[in-house]
Each structure stands twice: as structure tokens, then as C-alpha cells.
Amino acid sequence: MIEIRFHGRGGQGAVVASKLLAEAAFNEGKDVQAFPYFGVERRGAPVTAFTKIDNKHIRDKSMIYEPDHVIVMEASLLQAVDVKAGYSEKGIILVNSESEPEIIREQLGVKKVAVVNATKIALDNKLGSKFQPIVNTGMVGAFSRASGIVGIEAVDAAIMALPRYPERNAKAAREAYDSVVVLGGD
Amino acid sequence: MVKKLFTGNKATAYGAMLARAQVVAAYPITPQTTIVERIADLVAEGKMKAKYVMVESEHSAMAASIAASNTGARAFTATSSHGLALMHEVLMWAAGARTPVVLVNVNRAMGPPWSVYADHQDAMSERDSGVIQFWAENNQEIMDSVIMAYKVAENKDVLLPAMVNQDAFFLSHTSEPVDVPDQEIVDQYLPPFETTVKLDVDDPKGFGSFIMPPQYMEFRGHMARSMDKAREVIKKADKEWEELTGRSYGGMMDMYKCEDAEFILFGAGTMMSTAKDVVDTLRKEGRKVGIARLRVFRPFPVDEIRYLADRAHAIGVLDRTFTFGYGGPLFNETNSQMYNHGKSPKTKNYIVGVGGRDVRQKHFRAIFDDLEKVAKEGYGKEGEVHWWGLLDGTTPEEEL
């Protein structure tokens, strides 16, 4: 089973991102689970969401404590939340940041990191506002490239089923897929 | 059949639609809200042919559902926690009036302290209301159970309301694949609701009239017998569903590798799904363990508990709530069903996951270890009722 943990802030779309990733893997014939762990449900508060992907039926209904991969929707969370909790460096940590990837890698103290400027991509595609960019589709697109777990076509299909602005979101996912930088890959 | 990625709440709404519920009266409450939002959408889009009644409370939601059922309509509602508690008076009425309303309850903790997370106190407090209770472990089971609940509730030998329970967030807000049956399959399984006792201006009858002591007890006796008859009706409904869809939930109880099990854990909801993975792991290590998952709480699975009593060295009973008197409700019920049976293995009550605490595989492994120890050496300092993972300064690592 592959376990992915999302860290976001209320309003950024971490919960939808966990569902989109699950939907993409589901489109590829996998069994999946996606679920949120809400603290206080308000904008700006840290939110955690999970996606589980497996080839066989997933019965485990507990949360994720040892994620294979971690997705951080906003770089400021690196100071606010222990995003590395339970992470064993087998997979990748993907961070949305405008900083140089090397700086993020040092900040996290891990070998392998992926960085994408999903905020800029969201704003370029008119997703959300300057103060509240919706970065989820970009992050899932970048994760497709950085992890290789799901194909961008499956991500695209999941996004095109969204009720609002599917084209703009699909374009953001593709741009993030193309621009994500992976440091320390094999 | 189409496979879709559904949350538990979406599976609930689609279950009500596929069952062709004709009247939906509901009041929103976290984490049930997206059920009624989705149903409102389905009705507004014309996909669900139902009358959607906005009410000002859960008490009114059930009252409207009873009235709808009295006219011969198939009625549906959904609630959670404090909403179910507010519904209590009218749940009793729905049962006594013999109206086969189906409701879905998203199991959530009672406040205070205020919480929106998974806990079984809300539903288990309705033990004596005369409402049939189904319990689900995944979103597929929620959808299937809504359909099956009508089949059972509307049976002429039963005619009682039924409630389908699903864990807050662990199901309500979790997306997972669900096989959505074709409408024709559901129609084949569930014919339109028909009742001879209904509100009809051309054939006036009295409903809910005052009654004298000699007759009252007769009514309650009939109700008790109907609840007893529901056991066979549930088993038959499960079998028929399996013939149509290939899916069975074990009739009155979902047993996983219990046949030759020496140590069995019995409990309800999503945590028991997680526990099945632990059984597979421990079986590989040569340990004879099994899981009995509560499928129906009312009527209680008496024969199934006695089946477990006949084989197990010890039974651990997990309650995601407490009765605040002695033990958890499942523990007390399990013990009483074994007392007159002749064979009663040692039991221990584990109070776990209260108010949404996560119950993990490592916990089940430790609980199995503890149960084996109890069978060999007797109860430890916790006695027979063990609040698992409660912080007292000496809590063992495996309980945290």
C-alpha cells in the first residue's frame, strides 16, 4: 500500500487534492481511500488529508502515521507543522514554494525533495485569489511527475470531472507537472 | 453496475435514491450535512423523484417521516449525535406506530465536551426504542444497507423503523470505491411500499389513539415478536441481495475467520475493518484469531454470540462508547446472551476509540495479546473493563 499525507491550510484545497489523487489512481484501476482530518474547520488553520493506494482491497480505516510521501501545500507550514512525522525518506516530500529547491531541501534536512511554485501557476490560471490561491490541482500534477505513482493522463481525467473550471485546473496540473523540480532523485 | 468513488455520505444519498424514497425530511448536522445537501441536489436535478421537506429540527424530521409513512409513502431521513438524541421521542413513536421509516445515523460523539468525531453512544442509546439497527464498516455496505433496511422494515412480519449506522469521518467523509447497482436490480429486490393500514380520507381510521392497560401490553408484545421475527427476515434479505449483487454481510453478524478461532474480538464499525488486516497478520504467525463484527444491534444476534461462545477460549468485546454504569453496551449484551447458554468463555471489555480516537492495527495486536493473557492468567489491574489508552501516567506504549 502507498500512503500519502497532505498538509494544507483550510481553504487551499488539501482535501480535494487527496480526493483527486485517489480518483486518478482509481482511474488506473487501483483501490483507493481518501479522507480528511479536520481540526477546526476554518480558513487558514492547518488541515491534514490522506490518500491510500493499493492493488488490493483496502480494509485499514485508520489514519496515516508513516507516510510514503508527503505533500505540503504551502511552505509556511514547514514552520507550523512537523511534516516529516513518521516519514522514512523512502518516497518524496513535495512542497509548494517559490524558493530555490536546494533551500527547501536544507530546511527539511532530507535527501530527496520536490519543489513547485504552485501558487504562481494557480494565479496564472485564475484559480483562487492572490490571498487565497487554490493550489490543489497543481500539486497533484506535480506529484504525478515527482512520484511516478499516477500518470498525468489519469490526473487529467480526474480533474476534468470537477464541477468548476476543469480546463483551467487541468492546465495548472500540466504546468506543474512540467515545471516541478526534483532534487536528489535516483 | 458502475464503480464510483463515493464518500459515505454520498453512498447514503444514492442509496436513498436507488431505494426510491418518496419523502425526505431532514435537518442538517455535522457530519451528516452532505447527505441532505446531496439529496436536495438529486431532487432538484430531477434524478430523485421525492418530496424534500425542510424542517426546523430532527424531532420534526422524524415526525414528518412518520406522517409520510402513515400515508403509505416510503420515507427517509438522516441525522447524527445530538440530532438523534433530539429525535428520541419520535423514534419511539415511529416504532410503536409501526412505520417502516429508514434513517441513516452518522455516529458522532455526544457533547460536552463538544466533538464531531466517531463514537457509538448516539445510536446505542437508542437500543430500546424498537428501531432495527444496521451497522456498516465501509461505504458499499452503507449504500447496500439503506436498500436492505427498507426490505426488512417494510416486511409485513416486521413493520418497524430501521437505522443504518456509519462512523463519522471514517466513512461519512472518506472516499472509496462503491459499486452502484443498476436501478433495475434494486427495483427487482425492493418492490414499492404497500400497506393496508394508512391515512385514507375514503377509509378513515384512528392513529395513535389512547388505549387502556389490557390492550397496551398486547401491542408491545406484538412489537417484541416482530423484532424477533426480523432476525430471519434480515438473513433472507441478505441472501437475496447476495444472489443479485454477489455481496453479503453475513446476515445477522459479519464473522471473519471465526470458525476455528480461539480468540475473537467483537465490535462495531470501521475499526473492525482495520482489525481484519490484523487477523491476517496474526494468522500468518500461527495464531487462531478471528473478528466478529456487529452487523445488526437490534434485534441482537443471540445465536451468533452463542456460536462464538461455543468455540472461543476468550472473547474481547470492543465498545466505542460506555454505558456510565457498568461496561459498554456490547459487552453487557454479549455476557447476558452467554449466561443461560451453558458455555461462556472468559470475556473482557475494551473501551476504545471514544470520541474519534484512532484505533490502529498495533492496538488490535496488543488487544489480542492482552486477551490471551487474560485467558491464561486472569484479569490484570484493569479488571474486566479496560479503558484502552487512557492517560494515567503509566499507560503502556502499545495502547497509545
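The structure presented is a predicted model; accordingly, all values stated were derived computationally and were not measured.

*Asks:* Sorry if this is basic, but what is going on with the overall build of chain A here?
*Replies:* Counting secondary structure elements, chain A contains seven helices and seven strands. If you list the helices and strands of chain A from N to C, you get β-α-β-β-β-α-β-α-β-α-α-α-α-β. By the compact-globule yardstick of 16 Å for 186 residues, chain A fits well, its C-alpha radius of gyration being 15 Å. When its C-alpha atoms are laid out on the principal axes, chain A stretches across 40 × 40 × 40 Å. Counting every position in chain A, which comprises 186 residues, the buried fraction comes to 54%. When contacts within chain A are restricted to residue pairs at least 6 apart in sequence, those whose partners lie at least 24 apart make up 60%. Surface exposure of chain A reaches about 8300 Å², of which carbon and sulfur atoms provide 50%.

*Asks:* What exactly am I supposed to notice about the domain arrangement of chain B here?
*Replies:* How big an interface is tends to be reported as the loss of accessible area on association of its parts. Residue and element names in this part refer to chain B. For chain B, the domain assignment lists domain 1 (2-245) and domain 2 (253-399). Relative to domain 2, the C-alpha centre of domain 1 lies at a distance of 28 Å. Contact with domain 1, which involves 28 residues of that partner, is made by 30 residues of domain 2. Across the domain 1 to domain 2 interface the summed buried area is about 2300 Å²; carbon plus sulfur atoms make up 54%. Contact with domain 2 buries area across many residues of domain 1, yet Met-124, Arg-127 and Glu-137 alone supply 27% of it, more than any other trio.

*Asks:* Sorry, what's going on with helix α9 (residues 270-284) of chain B here?
*Replies:* Side chains that are three or four residues apart share a direction in an α-helix, a result of its 3.6 residues per turn. Residue and element names in this part refer to chain B. Along α9, the positions that sit buried rather than exposed are Thr-270, Met-271, Met-272, Ser-273, Thr-274, Ala-275, Lys-276, Val-278, Val-279 and Leu-282. Each element contacted by the buried residues of α9 is listed here: β7 (162-167), β9 (253-256), β10 (263-267), β11 (289-294), β13 (314-319) and α12 (361-377). Where α9 ends, the next residue or the one after it, Gly-286, has phi of about 90 degrees, a positive value.

*Asks:* Would you mind showing me how to read the sheet that holds strand β3 (residues 46-54) of chain A here?
*Replies:* Across a sheet, paired strands are connected by hydrogen bonds in the backbone, their directions being either parallel or antiparallel. Residues and elements named next belong to chain A. Spatially, β2-β3-β1-β4-β5-β6-β7 is the arrangement adopted by the seven strands of the open sheet, whose pairing is mixed. Only two strands of the sheet have a single partner each, and these edge strands are β2 (31-37) and β7 (181-183). Strand after strand, the sheet turns through a mean of 15 degrees between neighbouring axes, direction not considered. Bridging between strand β6 (residues 113-116) and β7 involves three bridges; their strand directions are antiparallel.

*Asks:* Which parts of the structure should I look at to understand the nonpolar core?
*Replies:* Side chains that are nonpolar tend, in soluble globular proteins, to be buried together. Residue and element names in this part refer to chain B. Of all hydrophobic cores here, the largest spans 60 residues; its most connected members are Ile-39, Met-48, Phe-76, Ile-132 and Phe-134. A total of eight residues in this core trace back to one element, the largest contributor, which is helix α6 (residues 139-153). Every residue in contact with Ile-39, bar those within four places of it in the chain, is listed here: Ala-13, Ala-16, Val-24, Met-48, Tyr-52 and Phe-76.

*Asks:* Is there a simple way to think about the interface of chain A and chain B in this case?
*Replies:* Taken together, the 20 residues of chain A in the interface contact 27 residues of chain B. Carbon and sulfur atoms supply 53% of the area buried between chain A and chain B, which totals about 2000 Å² over both sides. On the chain A side of the contact with chain B, Phe-26, Arg-59 and Lys-61 of chain A bury the most area, a combined 38% of that side's loss. Summed over the shared surface of chain A and chain B, the number is three salt bridges. Linking Arg-59 of chain A and Asp-277 of chain B is a salt bridge whose minimum nitrogen-to-oxygen distance equals 2.8 Å. Counting across the interface, chain A meets chain B through 10 residue pairs in polar contact (both at pLDDT 80 or more). Those elements that provide at least two residues to the side of chain A that touches chain B are α1 (14-27) and β2 of chain A. Looking at the side of chain A that touches chain B element by element, the count peaks at seven residues for β2 of chain A. For the side of chain A that touches chain B, a count of residues per class yields 10 nonpolar, three polar and seven charged.

*Asks:* Help me understand the environment of Lys-19 of chain A in this model?
*Replies:* Its location among the elements puts Lys-19 of chain A in helix α1. Considering only alpha carbons, one finds Lys-19 of chain A and Lys-120 of chain A, 101 residues apart in sequence, at a separation of 22 Å. For Lys-19 of chain A, the residues in contact, after removing those within four places along its chain, are Ala-34 of chain A together with Leu-5, Thr-7 and Ser-175 of chain B.

*Asks:* Before we go on, may I ask you to explain the packing of aromatic side chains in this structure?
*Replies:* For any pair of aromatic rings, the description consists of the separation of the ring centres together with the inter-plane angle of the planes. On inspection of all chains with the given rule, the structure shows nine aromatic pairs over all chains. Aromatic side chains Tyr-37 of chain A and Tyr-117 of chain B sit 5.9 Å apart centroid to centroid with 25 degrees between the ring planes, which places their arrangement in the stacked category. You can see Tyr-37 of chain A sitting in strand β2 and its partner Tyr-117 of chain B sitting in the loop between β5 (102-107) and α5 (121-124), one on each of two chains. The class of Tyr-37 of chain A is partly exposed, set by a relative accessible area of 38%. Considering the side-chain rings of Tyr-350 of chain B and Trp-388 of chain B, the 6.0 Å spacing of their centres and the 75 degrees angle between planes classify their relative orientation as edge-to-face.

*Asks:* Would you explain the pattern of salt bridges in this entry?
*Replies:* Note on pairing: side chains with opposite charge can pair once their charged atoms come close. Taken as a whole and assessed by the stated rule, the structure comprises 37 salt bridges over all chains. As a salt-bridge pair, Lys-171 of chain A and Glu-175 of chain A come within 3.1 Å of each other at their nearest N and O atoms. Separated by four residues within a single helix, Lys-171 of chain A and Glu-175 of chain A lie in helix α7 (residues 166-179), roughly one turn from each other. The partner of Lys-236 of chain B in a salt bridge is Glu-240 of chain B, with the nearest N and O atoms 3.3 Å apart. Placement of both Lys-236 of chain B and Glu-240 of chain B in helix α8 (residues 213-245) is noted, with a separation of four residues, approximately one turn of the helix.

*Asks:* Would you mind showing me how to read the pairing of strand β5 (residues 93-96) of chain A here?
*Replies:* Each regular strand carries side chains that alternate between the two faces of the sheet. Residue and element names in this part refer to chain A. Burial along β5 is two-sided: Ile-93 and Val-95 and Leu-94 and Asn-96, pointing in opposite directions, are all buried. Pairing geometry for strand β4 (residues 69-72) and β5, over three bridges, is parallel. Within the sheet, the bridge partner assigned to Val-70 lies in β5 and is Ile-93. Strand direction decides the pairing type here: β5 and β6, joined by four bridges, are parallel. Directly across from Val-95, in β6, lies its bridge partner Val-115. The β-α-β motif built from β5, the intervening helix α3 (residues 101-108) and the parallel element β6 has right-handed crossover chirality.

*Asks:* I tried to follow the environment of Lys-10 of chain B on my own but got confused; where do I start?
*Replies:* All names here are of chain B. One can find Lys-10 in helix α1 (residues 8-18). The exposure class of Lys-10 is partly exposed, given its relative accessible area of 22%. Expressed as a C-alpha distance, the spacing of Lys-10 and Met-143, which sit 133 residues apart in the sequence, is 8.8 Å.

*Asks:* How do you make sense of the packing of helix α3 (residues 58-70) of chain B against helix α4 (residues 81-96) of chain B when you look at a structure like this?
*Replies:* The description of two packed helices rests on the angle between their axes and on the distance between the axes. All names here are of chain B. Interaxial distance between α3 and α4 falls to 7 Å at its minimum, and their mutual angle equals 25 degrees. Classified by the angle their axes make, α3 and α4 are roughly parallel. Between α3 and α4 lies a crossing whose hand is right-handed. Contacts between α3 and α4 involve Glu-58, His-59, Ala-61, Met-62, Ala-63 and Ile-66 from the first element and Gly-83, Leu-86, Met-87, Glu-89, Val-90, Leu-91, Trp-93 and Ala-94 from the second. Across the contact of α3 with α4, the residue classes tally to 10 nonpolar, two polar and two charged.

Parameters at a glance
Residues numbered from 1 in each chain as written. Chains lettered and ligands numbered in written order. Predicted model: local features only at pLDDT ≥ 70, side-chain atom pairs only at ≥ 80, totals over all residues. Heavy atoms only, no water. Helix = DSSP H or I, 4+ residues; strand = E, 2+ residues; numbered from the N terminus. Rg over C-alpha atoms; globule rule 2.2 N^0.38 Å. Buried < 20%, exposed > 50% of the residue type's maximum accessible area, 1.4 Å probe, protein only. Contact = heavy atoms within 4.5 Å. Areas by Shrake-Rupley, 256 points an atom, 1.4 Å probe, with all protein chains shown as cover. Domains from an automatic or database assignment. Buried area = accessible area lost by both parts, 1.4 Å probe. Pairing = 2+ DSSP bridges. Axes fitted to C-alpha atoms, helices over the stretch in contact; angles between N-to-C directions. Core = buried A, V, L, I, M, F, W, Y, C linked by side-chain atoms within 4.5 Å. Salt bridge = Lys/Arg side-chain N within 4 Å of Asp/Glu carboxyl O. Polar contact = N/O pair within 3.5 Å; in protein donor to acceptor, adjacent residues only side chain to side chain. Nonpolar A, V, L, I, M, F, W, Y, C, P; charged D, E, K, R; others polar. Phe/Tyr/Trp six-rings, centres within 6.5 Å; stacked < 30°, edge-to-face > 60°. Right-handed = clockwise from strand over helix to strand, strands pointing away. Parallel < 35°, antiparallel > 145°, perpendicular 65-115°, else oblique. Left-handed = near helix turned anticlockwise from the far one by under 90°.

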